[in-house]
Amino acid sequence: MEQIKKADVIKLIADLRAKGFTQEELGVALGRSGQTIWCWSSDTMPKRVPCKRDYEVLIHLLEK
């Protein structure tokens, strides 16, 4: 199985933020904290990426 790339996660979350989502809203949609969303979108934490299910939910939110 292919791992999720950090650069893809950062771009996806940036696109969601541009669409008007806040970190807290994304956290509520996933059952995670806003801080977890921040960790996923931060270059300072290169190993923190969402699991495949959470990544797919984020993609689905972007397509709405």
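In what follows, the structure referred to is the one given above.
Residues numbered from 1 in each chain as written. Predicted model: local features only at pLDDT ≥ 70, side-chain atom pairs only at ≥ 80, totals over all residues. Heavy atoms only, no water.

Draft legend 1. The arrangement of the state of the cysteines in detail. Under the counting rule described, the total for this entry stands at 0 disulfides. Cysteine Cys39 remains unbridged, with the sulfur of Cys51 as its closest cysteine sulfur at 15 Å. (Disulfide = S-S within 2.5 Å.)

Draft legend 2. Local environment of the pattern of salt bridges. Inspection of the entire model under this criterion finds 3 salt bridges. Ionic pairing is found between Arg32 and Asp54, a salt bridge with its closest N-O pair at 2.7 Å. You can see Arg32 sitting in the loop between helix H2 (23-30) and helix H3 (34-40) and its partner Asp54 sitting in helix H4 (residues 52-63), a full 22 residues away along the chain. (Salt bridge = Lys/Arg side-chain N within 4 Å of Asp/Glu carboxyl O. Helix = DSSP H or I, 4+ residues; strand = E, 2+ residues; numbered from the N terminus.)

Draft legend 3. Structural context of the side chain of Gln23. Position of Gln23 among the secondary structure elements: in helix H2. Under the relative-accessibility criterion, Gln23 is labelled buried at 17%. Every residue in contact with Gln23, bar those within four places of it in the chain, is listed here: Arg17, Gly34, Ile37, Trp38 and Ser41. (Buried < 20%, exposed > 50% of the residue type's maximum accessible area, 1.4 Å probe, protein only. Contact = heavy atoms within 4.5 Å.)

Keep in mind that these numbers describe shape and distance, not what the molecule does.
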